[in-house]
Amino acid sequence: MLMASSGGLLAIYMYFFSVTPRNFISPAMICVLGGIAVVLLRRGHVRLVARLMVTGVLLAAVASVIVFGSLRSPGVMMFAAAVVTAGIFLGRADLIGSMLFTFLALPILLWVEQQGLMTAPSMKVDLRTLISYLTIFTVIALVVYYARERTWRAQEQLLKALEARQSAERERDRSLERFAHIFRTSPTPMLAQSARNGLILDVNPAFERCYGIARDQIEGRDDTALWADARQRDAYVQRLLEHRHVLDFQCKGLRTDGTTFDALLCSEMGNDPEDKLIITTVTDVSAQTLALEKLKRSEERFAKAFNFSPLKMTITRLSDGTFVEVNQARDPVQGLQRQELLGKSTLDTGGWLSPQERQAFIARILREGHVSGYETRMRHADGQLIDAKMWAERIEIDGEDCILSCFVNTTEEKRREAQLMALSSGMAGPIGDALFSALTLHMAQAIGADMVSVGELDSNEHLRTLAVWRDGIPGNNLTVPLAGSPCAAALDQPDLCVFESGVAQQFAQHPIITSEGFQAYIGQSLRDEDGTPIGLLNAYWRQPVQLGSEARALIAIFASRANAELVRLHRDREIQRLNAGLERRVHDRTTELQKLNAELDSFAYSVSHDLKSPLRTIDGFTRLLGEQLGGRLQPEEQMLFERVLGATRRMSALIADLLALARVSQGRLELSPVDLSALANQIMMSEQEKYPERALRWQIAPGLTLHCDERLVRIALENLLGNSVKYTSKRTDPLIELGQLGGETGGPGELFVRDNGVGFDMAQVDKLFKPFQRLHMPSEFEGTGIGLATVHRIVERHGGSIRGEAEPGAGATFRFTLSEASRLGTSSPLSASPSLLSPRIEGSGSDASLIDGKVG
């Protein structure tokens, strides 16, 4: 635009102010060329503008020389401007062309000037000359400036293009890295092939595992060995070449070990012209194929089972109950055909009697997923209500929830259940004769028999009836011979004996059959646990009958109940007989034991009492003799006298303890409320008075009251507390306690007597309550060894128990109970335990075989 403007202004100036008006031609040419260049630039013809400018400048230079008349014209510099412009904006060919034009034009113009063919130039330098030079330099400057701007712009574009290419290359590298990572770590087998020759370039580890081949063994080879069927490969290649990608191509893959598998191929061919790749993924669908085949076979089996099932089966929509499918089986519940159900709902056809019943069923199947034995009622095609059981499963068909159902008519089953319930309720309560009467009644009604009887065998080959039901009323019991009757045949076999007709002709001599005119008979033998016949259940009809399976089942139920009751009666009779014999033996043995125990008690008391008299004589005469001899006795003789007197004292104490033990075992218990706390305090006060030199300390729990024999319990406490006083004699701080432990169930707990005396070794605890057994030497502590045996006997008489625990040097504890005595009230002399000098023969009346005599 600047060149056109400046050229136009210079042309006008030259035309109007130049001496030679034709000098405007060259600027006018530049102006015209500038205008054409502006138009071409706006239309995007950049290269054409450059060529036009170079050509125009060259022509303007020639015109300027011709008009000026000499090569010394300022226009010669436009040749240089044209060559520079060609070199900058155009290619090598255009530069060479502009140079050749310049090299030809300048010699020609020189020759023309030398020949005088041009107008003689004016060598006068004036303002016009200056303007011409300035214009030429301006044009050259503009060309250079424009060239520089184009160069910088081109350089910026190149830099941007370079940065874009580098960014694209980096993104490509990242994409390749990501692809390589995905390719290597993908669990799906993948391979890369060349699209030019089909050779395998790379495979991933999953491919190696799938085909059983290493990467280095397959690279550089074609994929022919991977196909089990070459025709499938040809079809795959053709589709890939046509569409440049393949999705889910089904084929058979071949592993290196010769096995085949079902595969799905997905391939994509790249668009890079320099390196065309084919990326393929291989999916092993053998398991899916097998599962689909199994599903298909399962669906076929289901269809066969559904369509050919003898049970009525239907498929209904869960949402509205519309029948989707119905099999061809006979409908035992509603009596409707398949065509009558399809397209209708269960409410319309009477499958549900009300919407509420269907909603309750739907709620249950939604909660549990299936129902089994669902009891309901449906309406038959004839209007009757039918009891039914339903089995249903929630299924899905084509994405819609449905219910698969089958039905069973339970009307007859309900009737039989009601009948059995009536029978069981009638026979549940009574036993013995009442049961047999109820049984014959219900059996006669159930099977429609004219006469039913239950009988048992006696020892004379006769059948004695226990209950008879005849013609709707109870009959009299009777005894009939077995010979010549159908009963004999029934007894000979364990199963049901049936004569559906002709009984009167076959057993014409039987009095009951002849007199009643019976024509049919059934009999079931009743047997003991060892299989021995013990009775018979009979039924008679005056008309021939045909027994169905239901009647036979009912008869088996009645026979089983009658058999169990008859066996029970036999056992009861045997038990009664054994009990009677046992009671007789126990009574005789008890009488004998009472007599023996009385004799033993009398003997023990007499012996103990008679021993006292000579013992007192020995003691008295010994003391008298010692007084008479006075000071004449030697020390050794005096020691002998003292030993005799000590022996008589010990013998006297022993006899007293034995008599006490014998008295404990005799007499009746006199039970009454006893304050053990007060009783124990009295005993301890007595012990303190007996040993005034000792500072005894005791702790008695208050409120210990029991229902027991006060005399015997006093003896027991005297022995226990006395032992505690005796065995704490070596301690300066004796402590004796009496208390009660809490019971486990809130009842009375154990009583205990505890002291901090010398104790004893628990290894000898089994000797603790035996007579004459002592755990300490007589030189340490005096005693006869009868005290704890007496305590044990008293506790046993009260129905309790006693045990001892101790540790040497740490005291002893005796725990005992008297609670059983409180509940027993009084006990007989027979319950007393035997003493040492009064042995008793004890017996138990629970079983004759358990009666055993022993001397304690």
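Note that this is a predicted model, so its numbers are computed, not measured. (Residues numbered from 1 in each chain as written. Predicted model: local features only at pLDDT ≥ 70, side-chain atom pairs only at ≥ 80, totals over all residues. Heavy atoms only, no water.)

Chemist: Teacher, can you tell me more about the packing of aromatic side chains here?
Modeler: Two descriptors summarise a pair of aromatic rings, namely the distance from one centre to the other and the angle between the planes of the rings. According to the stated counting rule, one finds 13 aromatic pairs in the structure shown. Considering the side-chain rings of Phe518 and Tyr540, the 4.9 Å spacing of their centres and the 25 degrees angle between planes classify their relative orientation as stacked. Of this pair, Phe518 sits in the loop between helix 18 (511-516) and strand 16 (520-527) while Tyr540 sits in strand 17 (residues 533-541); the two residues are 22 residues apart in sequence, bridging distant segments of the chain. Given a relative accessible area of 0%, Phe518 falls into the buried group. (Phe/Tyr/Trp six-rings, centres within 6.5 Å; stacked < 30°, edge-to-face > 60°. Helix = DSSP H or I, 4+ residues; strand = E, 2+ residues; numbered from the N terminus. Buried < 20%, exposed > 50% of the residue type's maximum accessible area, 1.4 Å probe, protein only.)

Chemist: For this particular structure, what's the right way to read the nonpolar core?
Modeler: As a rule of thumb, nonpolar side chains are buried together in soluble globular proteins. Leu676, Val713, Leu717, Leu720, Leu721, Phe814 and Phe816 are the most contacted members of the largest nonpolar core, which totals 37 residues. Considering each element in turn, this core owes the most residues, 7 residues, to helix 22 (residues 710-727). The next biggest cluster of nonpolar side chains, apart from the first, holds 29 residues, and it includes Met443, Ile447, Val454 and Trp469. (Core = buried A, V, L, I, M, F, W, Y, C linked by side-chain atoms within 4.5 Å.)

Chemist: Looking at this model, I keep getting lost on the packing of helix 22 against helix 23 (residues 787-797). Mind explaining?
Modeler: Working note: a packed helix pair is described by the angle between its axes plus the distance between those axes. Direction vectors running N to C along helix 22 and helix 23 enclose 145 degrees, while the axes themselves pass 9 Å from each other. In terms of crossing hand, the pair formed by helix 22 and helix 23 is left-handed. The residues of helix 23 that touch helix 22, namely those facing Leu712, Val713, Ile715, Ala716, Asn719, Leu720 and Asn723, are Gly787, Leu788, Thr790, Val791, Ile794 and Arg797. Residue composition of the contact of helix 22 with helix 23, grouped by class: 8 nonpolar, 4 polar and 1 charged. (Axes fitted to C-alpha atoms, helices over the stretch in contact; angles between N-to-C directions. Left-handed = near helix turned anticlockwise from the far one by under 90°. Contact = heavy atoms within 4.5 Å. Nonpolar A, V, L, I, M, F, W, Y, C, P; charged D, E, K, R; others polar.)

Chemist: Would you mind going over the sheet that holds strand 4 (residues 260-269) with me for this structure?
Modeler: Note on sheets: strands pair through backbone hydrogen bonds, and any given pair is parallel or antiparallel. Sheet architecture is open: 5 strands sit in the order 2-1-5-4-3, paired in antiparallel fashion. Only two strands of the sheet have a single partner each, and these edge strands are strand 2 (200-203) and strand 3 (245-254). Direction aside, the axes of adjacent strands within the sheet are offset by 25 degrees on average. The sheet contact formed by strand 3 and strand 4 spans 8 bridges and is antiparallel. Bridge pairing links His245 to Glu268 in strand 4. This element, helix 9 (residues 230-243), spans strand 3, strand 4 and strand 5 (277-284) of the sheet and lies at about 165 degrees to strand 3. (Pairing = 2+ DSSP bridges.)

Chemist: Which parts of the structure should I look at to understand helix 15 (residues 433-447)?
Modeler: An α-helical turn contains 3.6 residues, so any two residues separated by three or four positions project in the same direction. Between its terminal C-alpha atoms helix 15 stretches 21 Å, which fits the 21 Å expected from 15 residues at 1.5 Å a residue. Listing the buried residues of helix 15 in full gives Leu435, Phe436, Ala438, Leu439, Thr440, His442, Met443, Ala444 and Ile447. Among the residues trailing helix 15, Gly448 stands out with phi positive, at a value near 70 degrees. (Expected span 1.5 Å × (residues − 1).)

Chemist: Just checking my understanding: could you explain the packing of helix 4 (residues 77-89) against helix 5 (residues 92-114) for this structure?
Modeler: In contact at an axis separation of 8 Å, helix 4 and helix 5 are set at 165 degrees when each is read in the N-to-C sense. Relative to helix 5, the element helix 4 is oriented roughly antiparallel. For the element pair helix 4 and helix 5, the recorded crossing hand is left-handed. Facing helix 4, whose interface residues are Phe79, Val83, Ala86 and Gly87, helix 5 presents Asp94, Leu95, Ser98, Met99, Phe101, Thr102, Ala105, Leu106 and Leu109. Here the contact of helix 4 with helix 5 is composed, by residue class, of 9 nonpolar, 3 polar and 1 charged. (Parallel < 35°, antiparallel > 145°, perpendicular 65-115°, else oblique.)

Chemist: What's the story with the environment of Thr532 in this structure? I'm lost.
Modeler: Of note, Thr532 is situated in the loop between strand 16 and strand 17. Put simply, Thr532 and Leu491 are 41 residues apart on the chain and 9.7 Å apart in space, counted from C-alpha to C-alpha. Not counting residues up to four positions away in its chain, the partners in contact with Thr532 are Leu526 and Arg527. In terms of polar contacts, Thr532 uses its side chain to reach the side chain of Asp530, at 3.0 Å. (Polar contact = N/O pair within 3.5 Å; in protein donor to acceptor, adjacent residues only side chain to side chain.)

Chemist: What exactly am I supposed to notice about the pattern of salt bridges here?
Modeler: Side-chain pairs of opposite charge can arise where the charged atoms are in close proximity. By the definition in use, this model includes 33 salt bridges. Two residues, Glu456 and Arg573, come together in a salt bridge whose shortest N-O distance is 3.0 Å. With Glu456 in strand 11 (residues 451-457) and Arg573 in helix 19 (residues 549-629), this pair connects stretches of sequence that are 117 residues apart. With a relative accessible area of 4%, Glu456 lands in the buried category. Taken together, the shared-partner salt bridges connect Arg184, Asp202, Arg215 and Glu219 into one network. (Salt bridge = Lys/Arg side-chain N within 4 Å of Asp/Glu carboxyl O.)

Chemist: Looking at this structure, how should I read the pairing of strand 1 (residues 190-194)?
Modeler: In regular strands, side chains alternate between the two faces of the sheet. Of all 5 residues making up strand 1, 5 are buried, and the element is well covered by its neighbours. By the alternation rule, side chains of strand 1 split into Met190, Ala192 and Ser194 and Leu191 and Gln193, which are all buried. Judged from the 5 bridges that link them, strand 1 and strand 5 form a sheet pairing that is antiparallel. Its bridge partner being in strand 5, Gln193 is matched across the sheet by Ile278. In this structure, strand 1 lies alongside strand 2, joined through 3 bridges in antiparallel fashion.

Chemist: Quick question: what am I supposed to make of the side chain of Thr410 here?
Modeler: With respect to the helices, strands and loops of the structure, Thr410 is situated in the loop between strand 10 (400-409) and helix 14 (411-428). Here Thr410 is in contact with Asp387, Ala388 and Lys389, once residues within four sequence places are set aside.

Chemist: Could you clarify how one ought to interpret the sheet that holds strand 6 (residues 312-317) in this entry?
Modeler: Across the sheet, which stays open at both edges, the 5 strands sit in the order 7-6-10-9-8 with antiparallel pairing between neighbours. Bordering the open sheet on either side are strand 7 (323-326) and strand 8 (370-379), each of which pairs with just one other strand. Across the sheet, the mean angle from the axis of one strand to that of its neighbour is 30 degrees, orientation sign disregarded. Sheet topology note: the strand 6/strand 7 ladder contains 3 bridges and is antiparallel. Opposite Thr314, over in strand 7, you have Val326 as the bridge partner. Where helix 10 (residues 286-308) meets the sheet, its contacts fall on strand 6, strand 7 and strand 10, and the angle it forms with strand 6 comes to roughly 115 degrees.

Chemist: Just checking my understanding: could you explain the environment of Ser64 for this structure?
Modeler: Within the secondary structure, Ser64 sits in helix 3 (residues 46-68). When its relative accessible area of 14% is taken as the criterion, Ser64 is described as buried. It is 7.7 Å that separates the C-alpha atoms of Ser64 and Val76, two residues lying 12 residues apart in sequence.

Chemist: Any chance you could explain the confidence of the model for the chain here in plain terms?
Modeler: Note: predicted coordinates in regions of low pLDDT should not be interpreted at a detailed level. Averaged over every residue, the pLDDT of the chain is 79; the share at 70 or more is 79%. Low confidence marks residues 820-856, where pLDDT is under 50. Its contacts with residues over four positions away, or in another chain, come to 87 contacts. (pLDDT = per-residue confidence, 0-100.)

Chemist: Explanation requested: the pairing of strand 8 in the structure shown.
Modeler: In terms of strand pairing, strand 8 meets strand 9 (residues 385-397) through 8 bridges, oriented antiparallel. Counterpart to Arg379 in the pairing with strand 9 is Leu385. A loop of 5 residues connects strand 8 with strand 9, the two strands running antiparallel in sequence, and Gly383 in this loop sits at a positive phi of about 100 degrees.

Chemist: When you look at unusual backbone geometry in this model, what are you seeing that I'm missing?
Modeler: A negative phi holds for most residues other than glycine; trans holds for most peptide bonds. If you check the backbone angles, Asp248 has positive phi at about 50 degrees while not being a glycine. Within the secondary structure, Asp248 is located in strand 3. One non-glycine residue, Asp398, adopts positive backbone phi at about 55 degrees. Here Asp398 is to be found in the loop between strand 9 and strand 10.

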